[in-house]
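# Notes for the structure review
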Amino acid sequence: MSLQLTLLSLCGLLIASLVVASGGLWIWAIIRYRSGEPFLKDRFRSPYANVSLFALLLTAAYLLMGLYSTLNPGEKLEYNPERIERLLHASIIEGVILTSILGLAIYLSAERVTELYRLGFRLDHIPGQILDGFLGFVAAILPVFIAILITLPLRSLEQTHPFLRFLSDRETTSALLTVIYAAVIMAPLKEELMFRVILQTWLVKKIGVTWGIVVTAVLFAAVHGIPDSLGLLPLALILGIVYHMRRSYLTVVIIHALFNGFNVGLVMLQKSAEQVLENPDLLSP
């Protein structure tokens, strides 16, 4: 058996193990819930925190533009790898600028360090925050997998996320690193700051915990368009719940980053599988 086929088998086993682990985690959570025990303990007694008005308005403007472009896509452009590569670089620059501005606005508006802690910028129990992030990612695997299976008839090559399609088409280290930086690093940093830290914090204060989490999750999913939004809704709800209960920006960024990284890995795995099928000689020892 070739090395490539061996690696494919190990990756398939890893994916199956994650799905099983996700199912086990949900069973454990249900058992704890039925016994009256929380599956996650609240980090703070009060569910409320203050957020920068400037950061909130900037987030709202960005969200409205995202929803408008999603609901009114205009004339559909033909897929072009060069254009997608430019969009990738632009999204990285935009992410760095927007995240820096929002982070600075939150920092300058905080009257006390405790306010930053309540917003999730915590330096305590870092290993615990990282573990929560990994467990949150594992918990998201099964519901997202089920949602994707349900919406499979709505999916096609043309509706594949352009960044993932670009990665599938361009087999270069440069393309891989660019997609990883845009999707696995910058996107989680920017989107979790906007949606969980800023938007959800404000909504929870205005309309309550449950609706604050749900509305934020729906908006997060909506800006990603159909059919991705349907598959992302379970992830968005998990991100909202984990952030509300653990109040850790690091934790939700890790969940989001691992999920995006998992998707990038699946694209690479699919590409390798296609190469094996197209070259039967790779199956021989």
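Report follows, based on the coordinates. Every value quoted in this text rests on a predicted model; they were computed, and no experiment measured them.

## Focus on the pattern of salt bridges
By the definition in use, this model includes 7 salt bridges. Between Glu37 and Arg32 there is a salt bridge, with its nearest N and O atoms 3.3 Å apart. Among the residues examined, Glu37 registers a relative accessible area of 40% and is labelled partly exposed. Residues Lys190 and Glu94 are paired through a salt bridge, measuring 2.8 Å at the closest nitrogen-oxygen approach. Within this pair, whereas Lys190 is found in helix α7 (residues 173–207), its partner Glu94 is found in helix α3 (residues 81–109), the two being separated by 96 residues in sequence. A residue is classified by how much of its surface remains accessible, and Glu94, at 33% relative accessible area, is partly exposed. Through salt bridges with shared partners, one network takes in Arg43, Arg122 and Asp124.

## With respect to the packing of aromatic side chains
Under the counting rule described, the total for this entry stands at 3 aromatic pairs. For the pair Phe137 and Phe262, a centre-to-centre distance of 5.9 Å together with 70° between the ring planes defines the contact as edge-to-face. Separated by 125 residues along the polypeptide, Phe137 in helix α5 (residues 126–150) and Phe262 in helix α10 (residues 249–278) bring together distant segments of the chain. Taking relative accessible area as the criterion, Phe137 reaches 5% and is therefore assigned buried. Look at Phe195 and Phe220: their rings are 5.3 Å apart centre to centre, the planes differ by 90°, and that puts the pair in the edge-to-face class. In this pair, Phe195 is assigned in helix α7 and Phe220 in helix α8 (residues 209–222), connecting sequence segments 25 residues apart. A residue is classified by how much of its surface remains accessible, and Phe195, at 5% relative accessible area, is buried. Positioned above the aromatic ring of Phe44, the side-chain terminus of Arg43 is 5.0 Å from the ring centre.

## Overview of the side chain of Thr178
Along the chain, the position of Thr178 falls in helix α7. Given a relative accessible area of 13%, Thr178 falls into the buried group. A polar contact is formed between the side chain of Thr178 and the backbone oxygen of Ser174, at a distance of 2.8 Å. Non-local contacts of Thr178, meaning those with residues more than four positions away in its chain, are made with Leu88, His89 and Ile92.

Rules and cut-offs
Residues numbered from 1 in each chain as written. Predicted model: local features only at pLDDT ≥ 70, side-chain atom pairs only at ≥ 80, totals over all residues. Heavy atoms only, no water. Salt bridge = Lys/Arg side-chain N within 4 Å of Asp/Glu carboxyl O. Buried < 20%, exposed > 50% of the residue type's maximum accessible area, 1.4 Å probe, protein only. Helix = DSSP H or I, 4+ residues; strand = E, 2+ residues; numbered from the N terminus. Phe/Tyr/Trp six-rings, centres within 6.5 Å; stacked < 30°, edge-to-face > 60°. Lys NZ or Arg CZ within 6 Å of the ring centre and 35° of its normal. Polar contact = N/O pair within 3.5 Å; in protein donor to acceptor, adjacent residues only side chain to side chain. Contact = heavy atoms within 4.5 Å.

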